[in-house]
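# Breakdown of the fold
Listed below, chain by chain, are the residues.
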Amino acid sequence: MNMIRCILSGLVMSGLMVAAKDVPVMGWSSWNTYRVNISDSLIMGQADAMVRHGLDSVGYRFINIDDGYFGGRDTATGELLIHPTRFPGGLKPVVDHIHSLGLRAGIYSDAGVSTCGFNWDNDTIARNVGLYGHEIQDCRMFFGDLGFDFIKVDYCGGTARQNKDHLSFDPEERYRIIREAMDATGRGGLLLNVCRWDYPGTWVDEVADSWRMSTDINCSWRSIENIIRQNLYLSAYAERGHNDMDMLEVGRTLTDEEDRTHFGMWCIMSSPLLIGCDMTQLRPETLRLLKNTELIALNQDPLGLQAYVASHDGETYVLVKDVDELYGASRAVALYNPSDSPDTVTLRFSDIDLDGKVRMRDLFEHKDLGSFEDEFSVEVPAHGVRIYRAVGDIRKERSVYEAETAYMTAYQELYNPVAVGTAAYMPDSLCSGGVKAANLGYRPDNDIVWRHVRSEYGGGYELQFAVMSDGDREMYVSVNGGPGTLVKVPDSGSGLSTVSVDADLLPGDNAVRLYNDGAVMPEVDKMELVKK
Ligand code: GLA
């Protein structure tokens, strides 16, 4: 073990506290059930049904018109036209109806020249209706004239693989221009959803309120499981916005168990909750699930956190997040079994930093289960999840910080990380949790940062890093923005090695950053904190 001892006096870094931009959007969207086959009466009928079922009273507020309303573009004036038979009176009466119910209205467009419906659903009337070159004009129409409150901006027109015109644009540039055009309308509080089908990169946080992190959902367990899997290690990027897991398929053809898992995981992972079924035909079970206020409270929790993976044994996962109070003794926990057979999942309270007696409340059953010590086990059916509030006597300081819960400034999923030199979370069975952070280093932003390292009283700690090094590598450790301490990591062969740094942490939140601006870094499994 390579031990380098150094005491750093911590510096307070600005912006360390979690600040949610807003809670995730809740509402309904037309795409999953109707694709481009929408109309004014259909949309208004769904808005009426939302209110009739009291869904608005538990937080569902948005009625979002997805693709299918376009009627082309006037070649002389550039004005966006609305579909003449689907919306013969235009969009204004629809928006006004939605608003008259006390709801908010959402619309859809594309960052490029034409939309996905034109390219993939043969909606030929929708040629040249994207925002490209019409940002100011269209935003004025959507948010000024028509009064929409939200927009989802797709990317079929922006990437050559997706459009018939073979056009490609830079997504960051396109979405920044669109955000500026939205701001230029002078209306505050407008919400932008970026639909780029993978986590686009940390720039998105400055631009959007939510962002899709996966390709399109479909009504199959395979799709639900795939989206959850892709979102398991994105909790660090959800702090000031929301990883959008896509519109809900709840209430369509999944089994009841799968519907519960789908809804429960979207709630605890703080995804937007956009109902995607026909709300005029809701089964009582579906309505009960969609109106489960204890699960919705996890989603709408003002801390705005996404649950992270606290442990991963076999095929099952324990996910956890703080609710109500940061570092309080009350935590939301999901025991998730994506496999095809039932499995007993054990929640070790030490993994979620609770101690003493822990009271468990089942949020699907709305039932207190009693108090437990050390651990709690339950059989979780195939494709199932159990979600609880766990309230301990004591909230302990977290001692294990997995790399897959950390923030990597250059992290993105649009381009092959090896080709563009950005870091990635990679499976590795030798690592705890089965995942490591790899491809780090070579530039200042290709770092890894645990942004919320909590010390109750502050003081001296040993920071132990489990790393893998193919050859002799180096990294620097900086605490709270202080000077970097060089750590030399000798070749770890085919396994892991541990290197340590002593540091003084401040009482409260601390940031620990590993970086190497000029060379490849070791791969990182986790950091452990040992109080001295
Ligand atoms: C893309 C989006 C979907 C939907 C369709 C509309 O596929 O990812 O969510 O908006 O376009 O055409």
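Preceding this paragraph is the structure being described.
Throughout what follows, the structure given in this document is the object of discussion.

Definitions and cut-offs
Residues numbered from 1 in each chain as written. Predicted model: local features only at pLDDT ≥ 70, side-chain atom pairs only at ≥ 80, totals over all residues. Heavy atoms only, no water. Pairing = 2+ DSSP bridges. Helix = DSSP H or I, 4+ residues; strand = E, 2+ residues; numbered from the N terminus. Axes fitted to C-alpha atoms, helices over the stretch in contact; angles between N-to-C directions. Patch = residues over 30% accessible without salt bridge, like charges linked within 9 Å, V, L, I, M, F, W, Y side chains within 5 Å. Areas by Shrake-Rupley, 256 points an atom, 1.4 Å probe, with all protein chains shown as cover. Salt bridge = Lys/Arg side-chain N within 4 Å of Asp/Glu carboxyl O. Lys, Arg positive; Asp, Glu negative; His and termini not counted. Charge placed at Lys NZ, Arg CZ, Asp CG, Glu CD. Buried < 20%, exposed > 50% of the residue type's maximum accessible area, 1.4 Å probe, protein only. Disulfide = S-S within 2.5 Å. 1 Å grid on protein atoms, 1.4 Å probe; cavity = no way out; pocket = protein on both sides within 12 Å on 5 of 7 lines; lining within 4 Å. Points joined across faces, edges and corners; volume = space filled by probe spheres on them. Nonpolar A, V, L, I, M, F, W, Y, C, P; charged D, E, K, R; others polar.

A separate point is the sheet that holds strand β13 (residues 316–322). What the six strands build is an open sheet, ordered β12-β13-β14-β19-β16-β17; its pairing is antiparallel. Looking at which strands have only one partner, the edges of the open sheet turn out to be β12 (308–313) and β17 (367–372). Across the sheet, the mean angle separating the axes of adjacent strands is 25° when strand polarity is ignored. Pairing of β12 with β13, which is carried by five bridges, proceeds in the antiparallel orientation. Across the sheet, the residue bridging to H312 is Y317, located in β13.

Residues E315, D340, D343 and E379 make up a contiguous surface patch of negative charge. Along the polypeptide, E315 turns up in the loop between β12 and β13. Given a relative accessible area of 51%, E315 falls into the exposed group.

Counted by the stated rule, this structure contains one disulfide. Bridging C116 to C156, the disulfide has an S-S length of 2.0 Å. Taking the torsion about the sulfur-sulfur bond, which here is approximately 100°, the covalent link between C116 and C156 counts as right-handed. One end of the pair, C116, is in helix α4 (residues 116–120); the other, C156, is in the loop between β7 (150–154) and α6 (171–183), with 40 residues separating them in the sequence. For C156, a relative accessible area of 2% corresponds to the buried category. The thiol of C277 is not disulfide-bonded; the next cysteine sulfur, from C219, is found 9.6 Å away. Taking relative accessible area as the criterion, C277 reaches 3% and is therefore assigned buried.

The next thing to look at is empty space enclosed by the protein. For the coordinates displayed, the defined rule picks out three cavities of 30 Å³ or more. Taken as a whole, the largest cavity holds about 90 Å³ of empty space. For the largest cavity, the lining is made up of 14 residues, of which S29, D66, K152, M247 and L274 are closest to its centre. Counting residues per element, the ones that place at least two in the lining of the largest cavity are β6 (104–110) and β7. Within the lining of the largest cavity, the residues separate by chemical class into six nonpolar, three polar and five charged. Considering only enclosed or pocket space, the second largest cavity measures out at about 70 Å³ in volume. D22, V23, P24, V25, F150, L191, L192, D209, S210 and H242 together form the lining of the second largest cavity. Tallied by class, the residues present in the lining of the second largest cavity amount to six nonpolar, two polar and two charged.

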